[in-house]
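Per-entry structural report
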Amino acid sequence: MSKDRKNSDERRKRIEGWVLEKKVQRAREEIPLFLRSAGKSQSAIFEACDWYRRLGLYREAFRLVAWDERLPSQISGDSPLGRKVLWAAWMLNAMGAGDIAVALLRRLQLKQAADHRVAGEIFLTQFSPAEAITHYERMAKLEKNPTGYFERLGRVSFADALAQSGNEADAILEVRRITHVSTEPLLLGICASAEGEYLARARRFDEAQNSLEKARYWFPEGDPSPDSAVLDKWMGYVLAALGDSVRGDALMKRAEEYFRTSAVRPEAWGDIVRLRVERGLASLEEARRLPHYPGWVTGFAALLAKPEPTSFGTKDAGLRVDLAAEEYSANGCAYRGLPKEVRLIAGLEIAGDWGISIPSALSWLWPDEGHAFLELEDRLHQLLRRIRKVYG
């Protein structure tokens, strides 16, 4: 074995240990050294992407697969470019740039079970269950090892898509089948939490509470994670439905705070606000702003009851914007079409203290420019400078 290969293998083992132990800084320092020792081969790049993904460092993963040329309309998912584009779509979606992620995904001709699993996950988080189910069904047909751990996780996501489409009964049956053939503590916790969610969606709240309490047993105590935040979300919803609004709202707010500070897609925390509105726990201001928040993915926006047109900001503002009509007026002069800076001003005013993450803003303002995503942030800062100069 060559010295470089030996160094690469030793680094791989160290990094994998740090990723498992969530030692983010140590892994972050070592991954670039691993890539250099491995010659930045395609397999090494995707291995590094997966470490970054598991650590929640989606931007770092995206940088490894970014490209700067315009893409053809159709790309084989098995080609080197196709592998990069799939990873890019996955990471962009995780960051909150969902519109760009879906635009990239629609260019790909996917042929592998694992790739359809990723596509299903993207459409699931886009609140597009029909498209997610299509990919999960293709995944199942191509699966070579249906009893593998990640394959079973993919089936849980398939059950999520069934429940999201309103088919809670089949979702419950599917996740129970997975539970019966699983022994891994984390997977058992995910399955119990998922079943609790489906029961809650079906308004079987007593059964849902029992299932969610079982899930808590399998998750590490005091170790915040996306899985435990999802558990808090649905346990809070169930408790509120059963009359314990104080504890229920506290759990839902804890989950909302986790997702809001985790640099993930805004629908992750927006759906919690939606459920709090449904249970009468959100403030009137939250309920008023939620449907108008800029950049919700289409599937999620469709879940929100949109009230009559609502104005935000001061009544005597010199700048007035109608996002729906794509019109605005400034100092008494009316204009058709919205410059990017005017759209951004309106979006920030509607968002209020929720704010808009940078990836979400880029996806909202430039949904068709995934090839230039890393350069879009400079454009955003230019817009902000212009806003300060022109609009004060």
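Scroll up to find the structure.
We now examine unusual backbone geometry. Here the phi dihedral of Arg 203 falls at roughly 65°; this positive angle occurs in a residue that is not glycine. Mapping Arg 203 onto the fold places it in the loop between α11 (185-201) and α12 (205-218). With a phi close to 60°, Glu 326 is a non-glycine residue in the positive phi region. As for its placement among the helices and strands, Glu 326 is situated in the loop between β3 (319-322) and β4 (327-330).

Glancing now at the packing of helix α3 (residues 42-54) against helix α5 (residues 80-95). Two elements in contact, α3 and α5, have axes whose closest approach is 12 Å; the angle formed by their N-to-C orientations is 10°. Between α3 and α5, the interaxial angle falls into the category roughly parallel. Taken together, the residues of α5 that come into contact with α3 (itself represented by Gln 42, Phe 46, Cys 49, Asp 50 and Arg 53) are Pro 80, Arg 83, Lys 84, Trp 87, Trp 90 and Met 91. Here the contact of α3 with α5 is built from residues that sort into six nonpolar, one polar and four charged.

Aromatic rings in a pair are described by how distant their centres are and how their planes are angled relative to each other. Evaluation of the coordinates by the stated rule reveals 18 aromatic pairs. Centroid distance Tyr 328 to Tyr 335: 4.9 Å. Interplanar angle 20°. Geometry classified as stacked. By relative accessible area, which is 12% here, Tyr 328 ends up buried. Taking relative accessible area as the criterion, Tyr 335 reaches 38% and is therefore assigned partly exposed. Clustering of aromatic rings is evident, with ring pairs tying together Phe 127, Trp 269, Tyr 293, Trp 296, Phe 300 and Trp 354. It is Arg 260 that lies over the ring of Trp 269; its NZ or CZ is 4.1 Å from the centre. Cation over ring: Arg 279 sits above Tyr 237, and NZ or CZ is 5.5 Å from the ring centre.

A grouping of Asp 68, Glu 69, Glu 375 and Asp 378 is seen on the molecular surface, where their side chains present a negatively charged patch. With respect to the secondary-structure elements, Glu 69 resides in the loop between α4 (58-65) and β1 (75-76).

Attention shifts here to the environment of Thr 298. Within the secondary structure, Thr 298 sits in helix α17 (residues 298-301). On the basis of relative accessible area, Thr 298 is assigned to the exposed category, the value being 69%. The sequence separation of Thr 298 and Ser 128 amounts to 170 residues, and the corresponding C-alpha distance is 8.3 Å.

What counts and how
- Residues numbered from 1 in each chain as written.
- Predicted model: local features only at pLDDT ≥ 70, side-chain atom pairs only at ≥ 80, totals over all residues.
- Heavy atoms only, no water.
- Helix = DSSP H or I, 4+ residues; strand = E, 2+ residues; numbered from the N terminus.
- Axes fitted to C-alpha atoms, helices over the stretch in contact; angles between N-to-C directions.
- Parallel < 35°, antiparallel > 145°, perpendicular 65-115°, else oblique.
- Contact = heavy atoms within 4.5 Å.
- Nonpolar A, V, L, I, M, F, W, Y, C, P; charged D, E, K, R; others polar.
- Phe/Tyr/Trp six-rings, centres within 6.5 Å; stacked < 30°, edge-to-face > 60°.
- Buried < 20%, exposed > 50% of the residue type's maximum accessible area, 1.4 Å probe, protein only.
- Lys NZ or Arg CZ within 6 Å of the ring centre and 35° of its normal.
- Patch = residues over 30% accessible without salt bridge, like charges linked within 9 Å, V, L, I, M, F, W, Y side chains within 5 Å.
- Areas by Shrake-Rupley, 256 points an atom, 1.4 Å probe, with all protein chains shown as cover.
- Salt bridge = Lys/Arg side-chain N within 4 Å of Asp/Glu carboxyl O.
- Lys, Arg positive; Asp, Glu negative; His and termini not counted.
- Charge placed at Lys NZ, Arg CZ, Asp CG, Glu CD.

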